[in-house]
Every structure is written in C-alpha cells, then in structure tokens.
Amino acid sequence: MHNFHDVEGHFPAPTTGTPPVSWRLSLMPYLELASVLEAYDTTAAWDAAVNQPLSRQEVGLYDCPSRPSSLDDELRFLTAYLLPTGDDSFFQTTQPDQRSARLRMAIRTPS
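Note that the structure is predicted; figures quoted are calculated from it, not measured.

Overview of the nonpolar core
- Counting residues in each nonpolar core, the largest one holds 15 residues, and the members touching the most others are L25, L27, M28, V36, Y40, V59 and Y62.
- Setting aside residues up to four positions removed in sequence, L27 forms contacts with M1, F4, P12 and Y62.

A few points about unusual backbone geometry
- Cis geometry is adopted by the peptide bond preceding P19, which originates at T18 and carries an omega value of -5°.
- Secondary-structure assignment places P19 in the loop between β1 (15-16) and β2 (21-22).
- A positive phi is found at E32, a non-glycine position, where the angle reads about 60°.
- With a phi angle near 65°, L75 is a residue other than glycine that sits in the positive phi range.
- One can find L75 in the loop between α4 (52-55) and α5 (103-106).
- Overall, the relative accessible area of 55% leaves L75 in the exposed class.

As for the pattern of salt bridges
- The final tally for this structure, using the stated rule, is three salt bridges.
- Bridged by salt links that share partners, the residues D72, E74 and R76 form one connected network.

Topic: the packing of aromatic side chains
- A full pass over the atoms with the stated rule returns two aromatic pairs.
- Measuring from ring centre to ring centre gives 5.2 Å for F4 and Y30, while their planes differ by 70°; the resulting arrangement is edge-to-face. In this pair, F4 sits in helix α1 (residues 2-8) while Y30 sits in the loop between α2 (23-27) and α3 (34-39), placing the two residues 26 residues apart along the sequence.

Let's talk about the side chain of D72
- Mapped onto the elements of the fold, D72 is located in the loop between α4 and α5.
- Note on D72: relative accessible area 18%, which makes it buried.
- For D72, the side chain forms a polar contact with the side chain of R76, separated by 2.7 Å.

Section: the confidence of the model for the protein
- Here the protein averages 82 in pLDDT, while 81% of its residues score no lower than 70.
- Summarising per-element confidence for the protein, the mean pLDDT is lowest in α5 (62) and highest in α3 (91).

Comments concerning the environment of L82
- The residue L82 is located in the loop between α4 and α5 in this model.
- Look at L82 and you get exposed, because its relative accessible area is 70%.
- Once the C-alpha coordinates of L82 and Y62 are considered, the two residues, 20 residues apart in sequence, prove to be 9.6 Å apart.
- Setting aside chain neighbours within four positions, we find L82 in contact with W23 and R24.

How each quantity is defined
Residues numbered from 1 in each chain as written. Predicted model: local features only at pLDDT ≥ 70, side-chain atom pairs only at ≥ 80, totals over all residues. Heavy atoms only, no water. Core = buried A, V, L, I, M, F, W, Y, C linked by side-chain atoms within 4.5 Å. Buried < 20%, exposed > 50% of the residue type's maximum accessible area, 1.4 Å probe, protein only. Contact = heavy atoms within 4.5 Å. Helix = DSSP H or I, 4+ residues; strand = E, 2+ residues; numbered from the N terminus. Salt bridge = Lys/Arg side-chain N within 4 Å of Asp/Glu carboxyl O. Phe/Tyr/Trp six-rings, centres within 6.5 Å; stacked < 30°, edge-to-face > 60°. Polar contact = N/O pair within 3.5 Å; in protein donor to acceptor, adjacent residues only side chain to side chain. pLDDT = per-residue confidence, 0-100.

Structure follows, in structure tokens:
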C-alpha cells in the first residue's frame, strides 16, 4: 500500500473501471507481481472464463498463514484482506476523481 502511495500520491481506490477491478490488482506491480496484472483481462469480470486461471492463483501476500483454507468450493483463491469502504470510511467510494485517500488524511495532528 505504501509503495503504491509513494508513487501515485494516494492509496488505491477500492475499485476502478468497468467492469470493476479490485484494489488488490492495482497493487500487483508494487508487490513484484506485475505479470498477474498483465495477464488479467480488465475488460472482463473477475469471474469471467478468461480470468478463471488467475482466480485460482494463490498470492501469498494476500493470504493469512493461520487460516485453515484459502480456497472456496470452486478452488478459487480467496484473499484474507479486505478494504472497508463507504462514505464515512477512509476508502470512500464517492470521490469524483475515483482516487482514494492520501496518507496525510490518516495522520492525526494534535489539536
């Protein structure tokens, strides 16, 4: 997240584009996993046939080692990490430019 922020000047938006592309994919180049993003068809939904092979690819950084299983009933990898969103959350979904929060917004200064 911080590498993305350092380069882009903000944290990733919860989703971008149509169909929506998850913030997890936006982080791939900053996790040395750019090949995953390059293989993903952003013009198709995440569960479309063309993206099915990637949905089964486990991404260690997105897994929690104490979890009993990281796969669903269809053997798709499920991330252990979520991004809270909403109008009153740090990662708002209603910003006009679809850019998400900046680090300085998270740092509280003494009053």
